[in-house]
Amino acid sequence: MPELAEVEYVARQLRAETRGRRIVAAHVYWARSIQGIAPDAFEAGVVGRVITEVGRRAKYLLVTLQAEQREQAPASAHEDTGDARADDPDTRILIIHRRMSGNVLLAKPDEIADGVTAFDPYTRVDFALDDGRHLVYSDPRKFGRLALVAPDALPDFFAAIGPEPLDDAFTAARLGRRLASHNGAIKAVLLDQSVVAGLGNIYADEALYRARIHPLRHANTLTETELQALRDAIRSVLETGIVNGGVTFGRHRGIYNEAGANLAHLEVYRHTGQPCLRCGAPIQRIVVVGRGTHFCPACQL
DNA sequence: CTATAAACCTGCTGGC
DNA sequence: TGCCAGCAGGTTTATA
């Protein structure tokens with residue numbers, strides 16, 4: 001459900017609303033939502049820390065948690081330059097992946113009862129903040145995962161994740177180099193997070209449609225013109241998605257449980273049988289690597 | 001290495 | 001109206 005655009009939108013909301021807030025209590029209601037650490041250790045690891053930054057990598061939400069300032073820092077051999085916190089034992093990164101049905105919600109005290117938000121009964125993890133609000137991880141299907149790691153563990157965590165498509169460094173040439181080693185269908189390759197980060201089924205279809213590339217084209221056969229069009233299309237569909245709060249036809253919500261408005265801006269996804277906006281031919285649906293794939297058979301070549 | 005499938009879970013939709 | 005099979009935006013792991 002949530003792809004790069006949906007995660008980025010929520011990251012920006014969360015950054016604006018929770019930076020500077022301290023976590024005063026945490027409760028894990030579904031143990032398997034926590035990855036790599038025991039639930040009680042996870043709870044103990046976040047309580048007392050302050051949310052200092054919220055970011056995103058691929059489809060992962062990154063919440064930086066710092067221990068409160070200590071009055072006297074312990075004697076330290078290395079000088080504190082104030083920059084990299086990679087070895088700071090007081091900093092942890094809360095990593096959240098919402099997978100298919102997860103949402104991160106910010107609830108007021110009167111919207112919370114016994115760990116369940118009034119507008120959503122699927123609370124798996126609950127964080128109480130020092131202003132009385134609750135950060136709630138809600139996930140009906142329980143596929144999503146939360147992890148708590150030290151900052152220096154991030155490189156390993158993301159070792160297999162490809163480049164960020166919204167970075168300046170994401171050029172047509174770089175995309176071309178990444179696609180060159182893949183002979184499979186371009187749709188399937190775009191879904192491979194090690195090739196490009198953050199694309200899911202919706203935005204992959206939208207990007208291919210706007211670039212006029214058939215989803216079954218072999219990834220290593222795109223021309224330079226097509227690579228440029230695809231690179232531009234990927235960025236364009238993602239940026240539109242972020243601005244509009246993401247696509248909600250199922251579960252994706254913003255932190256106030258509000259629906260995203262980007263469904264109205266999709267041009268091909270789930271438009272099966274409807275006329276192509278460019279040429280009028282009916283949009284077709286096929287299955288690629290088990291995923292519903294929508295395209296115009298007349299103008300995607 | 002590529003490729004397909006299964007597993008993880010529950011809710012929603014469409015067909016009968 | 002009611003029931004049930006099938007499907008859903010993601011990722012990991014197993015199998016061929």
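Structural data are supplied above this passage.
Residues numbered from 1 in each chain as written. Chains lettered and ligands numbered in written order. Predicted model: local features only at pLDDT ≥ 70, side-chain atom pairs only at ≥ 80, totals over all residues. Heavy atoms only, no water.

1. With respect to the protein's contact with DNA strand B
Our working rule: By convention in this text, a residue qualifies as near a molecule or strand provided that one of its non-hydrogen atoms is within 4 Å of it. Polar contacts, as used here, are pairs of N or O atoms within 3.5 Å; protein pairs need one atom able to donate a hydrogen and one able to accept it. Residues neighboring in sequence count only if both atoms are side-chain atoms.
Close to DNA strand B lie Arg-32, Tyr-122, Pro-140, Arg-141, Lys-142, Phe-143, Ser-181, Gly-184 and Arg-251. Near the protein, meaning within 4 Å, the atoms of DNA strand B are sugar or phosphate in a fraction of 63%, with bases accounting for the rest. A distance of 2.9 Å is found between a phosphate oxygen of DNA strand B and a side-chain nitrogen or oxygen belonging to Arg-32.

2. Looking at the protein's contact with DNA strand C
The condition that has to hold: Three classes are used: nonpolar for Ala, Val, Leu, Ile, Met, Phe, Trp, Tyr, Cys and Pro, charged for Asp, Glu, Lys and Arg, and polar for all others, with Gly counted as polar.
DNA strand C sits among 21 residues. The nearest are Lys-59, Gly-200, Gly-250, Arg-285 and Arg-291. In the interface set of DNA strand C, defined as its atoms within 4 Å of the protein, sugar plus phosphate atoms amount to 56%. Residue Arg-141 places a side-chain N or O atom 3.1 Å away from a base nitrogen belonging to DNA strand C. Side-chain polar atom of Tyr-269 to a phosphate oxygen of DNA strand C: 3.2 Å apart, as the coordinates give it. A per-class count over the surface near DNA strand C returns 7 nonpolar, 6 polar and 8 charged.

3. Re the packing of helix H1 (residues 4-18) against helix H7 (residues 224-243)
Going by this rule: Here an axis means a line fitted to C-alpha atoms, over the contact stretch when the element is a helix, while the angle between two N-to-C directions is reported on a 0 to 180 degree scale. Secondary structure is summarised from DSSP: a helix means a run of H or I of at least four residues, a strand means a run of E of at least two, and numbering begins at the N terminus for each. Note that the term roughly parallel is reserved for angles under 35 degrees, roughly antiparallel for angles over 145, roughly perpendicular for angles of 65 to 115, and oblique for everything else. Crossing handedness is defined as follows: a turn of the near helix away from the far one that is anticlockwise and smaller than a right angle gives a left-handed crossing, while the clockwise case is right-handed. By definition in these notes, contact holds between two residues if any of their heavy atoms fall within 4.5 Å.
Running from N to C, H1 and H7 point in directions that differ by 40°, and their axes come no closer than 8 Å. What the angle tells us is that H1 and H7 run oblique. Between H1 and H7 the crossing geometry is right-handed. Note on element contacts: H7 touches H1 through Leu-238, Gly-241 and Ile-242, opposite Leu-4, Ala-5, Glu-8, Tyr-9 and Arg-12.

4. Description of the environment of Lys-142
For Lys-142, the location among the structural elements is in the loop between strand S9 (134-138) and strand S10 (145-149). When sequence neighbours within four positions are dropped, the list of residues in contact with Lys-142 reads Trp-30, Ser-101 and Arg-124.

5. Looking at the pattern of salt bridges
Using the following cut-off: A carboxyl oxygen of Asp or Glu within 4 Å of a side-chain nitrogen of Lys or Arg is what we treat as a salt bridge. In this scheme, a residue with accessible area under 20% of its type's maximum is buried, one over 50% is exposed, and one in between is partly exposed, where area comes from a 1.4 Å probe on protein chains only.
Within this structure, the stated rule accounts for 15 salt bridges. Between Glu-8 and Arg-56 there is a salt bridge, and its shortest N-O distance comes to 2.7 Å. Of this pair, Glu-8 sits in helix H1 while Arg-56 sits in strand S2 (residues 50-57), placing them 48 residues apart in sequence. We classify Glu-8 as buried; its relative accessible area is 11%. Glu-164 is the partner of Arg-56 in a salt bridge, and the nearest nitrogen-oxygen pair spans 2.8 Å.

6. Considerations on helix H4 (residues 172-180)
So the rule is basically this: When we speak of the arc, we mean the arc of directions from the helix axis to the C-beta atoms.
Buried residues of H4: Ala-172, Leu-175, Gly-176 and Leu-179, and no others. One side of H4 holds all its buried residues, which, seen down the axis, span an arc of 100°. Residues of H4 that are buried make contact with helix H5 (186-191) and H7.

7. Side note on the pairing of S9
Selection rule: Two strands are said to pair when DSSP picks up at least two bridges between them.
The buried fraction of S9 is high, at 5 of 5 residues. Burial along S9 is two-sided: His-134, Val-136 and Ser-138 and Leu-135 and Tyr-137, pointing in opposite directions, are all buried. Bridge count for strand S5 (residues 103-107) against S9 is 5 bridges, and the pairing is antiparallel. Across the sheet, Leu-106 pairs through a bridge with Leu-135, a residue of S9. Across 5 bridges, strand S8 (residues 123-129) lies against S9 in antiparallel orientation. Paired with Ala-128 across the bridge in S9 is His-134. A loop of 4 residues connects S8 with S9, the two strands running antiparallel in sequence, and Gly-132 in this loop sits at a positive phi of about 95°.

8. Considering the sheet that holds S8
Judged by pairing direction, the sheet is antiparallel, and its 4 strands sit side by side in the order S1-S8-S9-S5 without closing on themselves. The open sheet has two free edges, formed respectively by strand S1 (23-28) and S5, since each of these has just one partner strand. Mean inter-strand twist for the sheet, computed between neighbouring axes without regard to direction, equals 15°. Sitting on the sheet, H1 is in contact with S5, S8 and S9, with an inclination near 25° to S5.

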